[in-house]
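# Summary of the model geometry
One letter stands for each residue in the lines below.
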Amino acid sequence: QRAMPKELESVGMGPGRGGLPPRTPQDADEFLENVDEVNALIEGLRSGKISAEYVDRKIKERDAESTQLEEKRKKEAEEAERRKYENLSPEEQKKIKAKVDEMIAEKERRERARKAFHEYRAKMPEDKRRATDYDAWDLWTPSDDEDDPWMQYTPENPAFKAMEADIDRRHAAQVRARQTAHRRREEGNAAFRGGQFAEALRCYELGLEADKRSLELHGNAAMAALKCEMFVQCIDHASKACELAEFLLERPDHPTAIKCLQRRAAARLKLSHYKDALSDLSLAHERDPSNGEIESQMKEANATYEEARKEKEVERGMRRAAQGIDGEVDGTDFHTLRELEKLCGEIGSDGCDYARLEALVEGSEQCRVYLRSGRGSHLLGLSRELERADGSSRVPTGPLRVLRAACLSEANRETLAQNGTLELAVGFIGRARRSTEKATGEAVACALFLLHTCSATSNPRATIIEALASDVGPDGAIAGLFAILEADLANDTGAKLAAAHALSLLGNCAVDAEARIVLTRFYYDAPGKILGPVLPVLRCGTPVLAERAAALLGNMCADGRMRAEFAANERGISDLCALLPENEKNERATAAPAGMGPGLPGLGPSRARAADRESDTDASIDPSPGGRDSELVLNVLAALANVSVDAAAAATIWKAGAAPRLARLLSRSSDPLVPARAATVLSRIARDPSTARGMCGAGGSNGDGVAATVAKFVVRRLASDAGDGAIEPAVRTLAVLANGGDAGARLALAEHAAGALVECVRRWDVVGDGTAGNAALAIGDLAREGDLLPRLAALEPVAPLLQVCHKRTGAAQKNAAIACARLATHSGMLETLKANNGLELIYRYVSP
C-alpha cells in the first residue's frame with residue numbers, strides 16, 4: 001500500500017488529522033481549490049485515468065514551487081533586516097557587537113572549563129567518583145541561553161541583525177544577575193561582620209541563585225557554613241570554589257581558592273576525615289608555599305591526626321587486653337592499660353587510689369590518651385569531683401593531681417578547656433581561699449599547678465583568663481591569688497609551692513592583653529597596688545619565686561599604666577637589678593621548692609614567655625640549677641627591657657649600678673638570649689645623656705668599661721660569624737651612645753668602638769640591615785668631632801660605607817650616605833669618595 005502523498009497531508013488530510021479551518025478568505029479559497037484538486041486526483045486514480053507517476057510528478061512540482069516561494073520570502077526578510085541594521089548608528093552597531101562578543105567569550109570559556117573538568121573527573125579513582133554528580137551538573141551543564149542559535153551569528157550574517165532586541169534583553173539579564181549577586185554578597189558580609197553567621201550564609205546562597213559561578217560567593221558561603229558548624233555544606237561550597245578557580249578562571253592558585261582549601265580542611269578535620277584534610281592543606285601549601293598560616297594549620301592537623309591515631313591504638317589495645325592477649329601500645333603494656341581502666345571505674349568512690357592513678361597517667365602518654373578517649377568521659381569524671389568540692393569537708397586533692405598529670409598532654413589541656421574543668425578549678429580557688437585547713441591548702445596548690453600547666457597553651461589560657469575576669473570580687477579567685485603571695489614565704493614550703501604556681505599562672509596569663517586588663521581592673525583605683533604583693537617576692541631569697549615574679553612584672557609592664565607605676569618604684573627596680581649576677585660564674589645554691597621539678601609544662605621550656613619586645617624565640621632551659629638560674633636572668637632581663645622604655649626607669653637602672661652587670665652578661669654564650677636582652681637594656685638606658693657619658697667614660701664607678709665591653713663583644717661576635725641576634729642590639733647601644741653623648745663621650749667611645757663599628761660596615765654582607773645601619777649612624781656621629789677624623793680615616797671606612805649605599809636600601813642606605821657626607825670634610829676621605837663616584841650618592845640624601 002502506497003503512503004499518502006505529502007500534498008494530501010499538506011491540506012490537512014493526513015492520518016490522524018482533521019481539517020484545519022481557514023483563517024482568511026484567501027486561505028479559504030486556496031483551501032477549496034486544494035480540496036477540488038485532491039478529489040479529482042483520487043477519482044482519477046480510482047478510474048485508472050491517472051497514473052501514479054502523474055501524481056508523483058504533480059507532487060514534486062508543488063514541492064519545488066513551495067521551496068522557491070520560501071526562499072523568496074527568506075531573502076526578502078533578510079534584506080529588510082539588513083536595511084534595518086545598516087540604518088543604525090556605528091555606536092549602536094558597536095554596542096551590539098560588544099555584547100555578543102562578551103557572551104560568546106563567556107560561552108567559550110565555560111566550554112573549556114567543562115572539558116577540563118570532565119578530563120579531571122575521568123582521571124579520578126573510581127571510589128572518588130559519585131554515581132550522579134549533581135555538583136558538576138549544576139556548575140558545568142549549559143543553561144538554555146548558552147545553546148541558542150544566536151551564539152553562532154556574526155555581524156556579517158544578516159540573521160544577526162534580527163537578534164538585536166534579544167541580545168539586549170539577554171545581556172541586561174546577565175547584568176541584573178551579577179548586580180543581585182553582588183548585593184547579596186554585601187548583605188552577607190555585613191551579617192558576617194556582625195557575628196550573624198547563619199544569616200550571612202543565607203545571603204550568600206541567595207546570591208548564588210543569581211550567579212552560581214561566583215567564586216567569591218562560594219568562598220564566603222564556605223566560611224559562613226564553617227562558622228555555623230555546617231561542615232558538609234562548607235565542604236560543598238569550598239569544593240565548588242576550587243573547581244571554579246581551576247577550570248573556569250584557570251587560576252588554581254587564586255587566593256580565594258587557597259582559603260577554601262584551608263576551610264575545607266578545617267571542616268574535614270571536624271568530621272574526622274584526617275587524611276583528606278591533610279591532602280587539602282598539602283595542596284594549599286604547594287600552591288602558596290610562603291603562607292605561614294597554612295604551615296601552622298598543617299602542624300595542628302598532623303597533631304590532631306596523630307592524637308586520633310593514638311586513641312585508636314589504645315582502644316585496640318584495650319580490646320586485645322580484654323581478650324587476654326599480651327602486648328603493648330607504644331611502650332605501655334596491656335596490663336597497665338587494664339589497671340588504668342579499673343582505676344578510672346572507681347573515680348568518685350572513697351576507695352579510688354588517686355595516687356596510683358596519678359603515677360600511671362604521669363608515666364605514660366598512652367594512659368593520658370586513654371583518659372580523653374570516649375569523648376573525654378574519664379576526664380569529665382575527674383571534673384565532677386571538682387564540682388562537688390565545697391572547699392572544706394570535701395577536698396578534691398586526688399582528682400586535681402590526676403588532672404594535672406593528664407595535662408602533660410597538650411590535647412588533654414584543650415579538652416579541659418572545652419569541658420569546663422578549668423572554670424571549675426578557678427572557682428574552687430575562690431571558694432577555698434578562706435579555709436585554714438591544711439588539706440584545703442594542698443588542694444589549692446594542686447589547682448594552681450593544674451591551671452599553671454594549662455596556661456602554657458593559648459586556648460586553655462584564654463579560658464582561664466575568661467574565668468578570672470568573671471571573678472574579680474574581693475572574695476574571688478584573683479584576690480585569692482594575690483593573698484597567696486602575701487603568705488609566709490620564708491619558712492613555709494607549702495606556701496612557697498603555692499606562691500610559685502600562682503606567680504607562674506599570673507605570669508603566663510599576663511602574656512595576653514586581656515589578662516593585663518583584668519588584673520589592672522582588679523585594682524581599678526590604683527593599678528600599682530599589684531606591685532604590693534609581688535615586689536617582696538623578689539627579696540624572698542628563693543630563686544624560683546624571684547624568677548616567676550620577674551616574669552610577671554615583665555609581662556605586666558606591657559601595659560602602659562603598670563609600666564609607669566613600676567618605673568616610679570625605685571626600690572622595686574633596684575631589687576630587680578640586684579638579681580643580676582655579680583660575676584660570670586653566677587653560682588646560686590638555693591633550690592626550688594619540692595614539687596617544682598623542672599621539665600613540667602609551664603615550669604620549664606613550655607612556659608609562656610615574657611612579653612618582651614626583642615625576641616619571640618624560646619630558649620631551651622637546662623633543668624640543672626645553672627639552667628634554673630639562666631631562667632632567672634632571662635626573666636629579669638625581660639622585665640628590665642620592658643620597664644626601661646620609661647625614661648625614669650632607665651635612670652633608676654643606671655643608678656642601681658646595673659650597667660656593669662649587664663655588660664658582663666654579654667660574655668655569656670651558653671644562651672644567646674642572655675646577651676641579646678642585656679644589650680637591649682643597655683641600649684635603652686643609654687638614651688639619657690648623663691648615662692651615655694658615664695657608659696663611655698673610662699673612670700666612672702658606675703659605667704667603667706661598659707662601652708669598651710660592648711665593642712669587644714661586637715668584634716668577638718663578628719669574628720665567630722654568630723648569627724644569634726645579639727649583635728644588632730649591641731651595635732644599637734654604641735649608636736645611641738655616639739648620638740646621645742657629648743664631645744667628650746664620643747672621643748672616649750671612638751677609642752674603644754671605632755674599629756668595631758667600621759668592621760660592622762665592612763661585614764655588610766653578613767650582618768643585617770639594622771646592624772649595618774646603626775653602625776653607619778654611629779660612624780656619622782663620631783665624624784662630627786673633627787679631632788676624630790684622622791682616627792677614622794686610618795680605619796678606611798669610606799669604601800665599605802659606599803658598598804652599603806649600593807647594596808642596601810632604606811635607613812641603612814641613608815645612614816651610610818650621611819656618614820660619607822660627614823667624612824668628606826676630611827681631604828683624604830673626600831678623594832676616596834671622588835674616586836669611587838660617591839658624591840652623587842651623598843647629594844641624594846644630603847643638601848649641598
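Model, not experiment: these values are computed from the prediction.

Another aspect to go through is the overall build of the protein chain. A count of helical and extended segments in the protein chain gives 42 helices and 2 strands. Across the protein chain, the fraction of contacts at a sequence separation of at least 24, relative to all contacts at a separation of at least 6, is 68%. Here the protein chain displays about 41,000 Å² of accessible surface, and carbon together with sulfur accounts for 49% of that area.

This next bit is on the packing of helix α32 (residues 673-685) against helix α35 (residues 727-740). At a closest axis distance of 8 Å, the pairing of α32 and α35 adopts a crossing angle of 15°. The angle between the axes of α32 and α35 places the two elements in the roughly parallel class. The chirality of how α32 crosses α35 is left-handed. For the pair α32 and α35, the contacting residues are Ala-676, Ala-679, Thr-680, Leu-682 and Ser-683 in the first and Pro-729, Ala-730, Arg-732, Thr-733 and Val-736 in the second. Of the residues belonging to the contact of α32 with α35, the class tally is 6 nonpolar, 3 polar and 1 charged.

Topologically, His-218 is positioned in helix α9 (residues 215-227). Side-chain polar atoms of His-218 contact the backbone oxygen of Lys-212, separated by 3.0 Å. Those residues in contact with His-218 that sit more than four places away from it in its chain are Leu-208, Lys-212, His-237, Lys-240, Ala-241 and Leu-244.

Turning our eyes to something else, we now look at the confidence of the model for the protein chain. Any segment with low pLDDT has predicted coordinates that should not be analysed in fine detail. Per-residue pLDDT for the protein chain averages 79, and the proportion of residues at 70 or more is 78%. When the criterion is pLDDT under 50, residues 130-134 qualifies, and its contacts beyond four places in sequence or with other chains add up to 4 contacts. When the criterion is pLDDT under 50, residues 140-154 qualifies, and its contacts beyond four places in sequence or with other chains add up to 38 contacts.

Our focus in this paragraph is the packing of helix α21 (residues 458-469) against helix α24 (residues 513-522). Across the interface, α21 lies against α24 with an axial gap of 10 Å and an inter-helix angle of 20°. Taken as axis vectors, α21 and α24 run roughly parallel relative to one another. When the axes of α21 and α24 are compared, the crossing they make is left-handed. For the pair α21 and α24, the contacting residues are Ile-465, Leu-468 and Ala-469 in the first and Glu-514, Ala-515, Val-518 and Arg-521 in the second. Residue composition of the contact of α21 with α24, grouped by class: 5 nonpolar, no polar and 2 charged.

With that settled, consider the environment of Thr-709. Tracing the backbone shows Thr-709 in helix α34 (residues 706-719). Taking the C-alpha atoms as reference points, Thr-709 and Leu-666, 43 residues apart in sequence, are found 8.1 Å from one another.

In total, this model carries 2 aromatic pairs according to the counting rule given. Ring centres of Phe-192 and Phe-197 lie 5.0 Å apart, and the angle between their planes is 65°; this geometry places the pair in the edge-to-face category. Overall, Phe-192 belongs to the partly exposed group, its relative accessible area being 22%. Measuring from centroid to centroid gives 6.0 Å for Tyr-274 and Tyr-305, while their planes differ by 45°, and the two rings are tilted. Of this pair, Tyr-274 sits in helix α12 (residues 274-287) while Tyr-305 sits in helix α13 (residues 292-322), placing them 31 residues apart in sequence. Look at Tyr-274 and you get buried, because its relative accessible area is 16%.

A few words now on the pattern of salt bridges. Where charged atoms of side chains with opposite charge meet at close range, the side chains can pair. With the rule as written, the count across this model stands at 28 salt bridges. Across the salt bridge formed by Arg-202 and Glu-199, the nearest N and O atoms sit 2.8 Å from each other. Residue Arg-202 and its partner Glu-199 are both found in helix α8 (residues 197-210); the two are separated by 3 residues, about one turn of the helix. Note on Arg-202: relative accessible area 43%, which makes it partly exposed. Overall, the relative accessible area of 30% leaves Glu-199 in the partly exposed class.

Conventions adopted
Residues numbered from 1 in each chain as written. Predicted model: local features only at pLDDT ≥ 70, side-chain atom pairs only at ≥ 80, totals over all residues. Heavy atoms only, no water. Helix = DSSP H or I, 4+ residues; strand = E, 2+ residues; numbered from the N terminus. Contact = heavy atoms within 4.5 Å. Areas by Shrake-Rupley, 256 points an atom, 1.4 Å probe, with all protein chains shown as cover. Axes fitted to C-alpha atoms, helices over the stretch in contact; angles between N-to-C directions. Parallel < 35°, antiparallel > 145°, perpendicular 65-115°, else oblique. Left-handed = near helix turned anticlockwise from the far one by under 90°. Nonpolar A, V, L, I, M, F, W, Y, C, P; charged D, E, K, R; others polar. Polar contact = N/O pair within 3.5 Å; in protein donor to acceptor, adjacent residues only side chain to side chain. pLDDT = per-residue confidence, 0-100. Phe/Tyr/Trp six-rings, centres within 6.5 Å; stacked < 30°, edge-to-face > 60°. Buried < 20%, exposed > 50% of the residue type's maximum accessible area, 1.4 Å probe, protein only. Salt bridge = Lys/Arg side-chain N within 4 Å of Asp/Glu carboxyl O.

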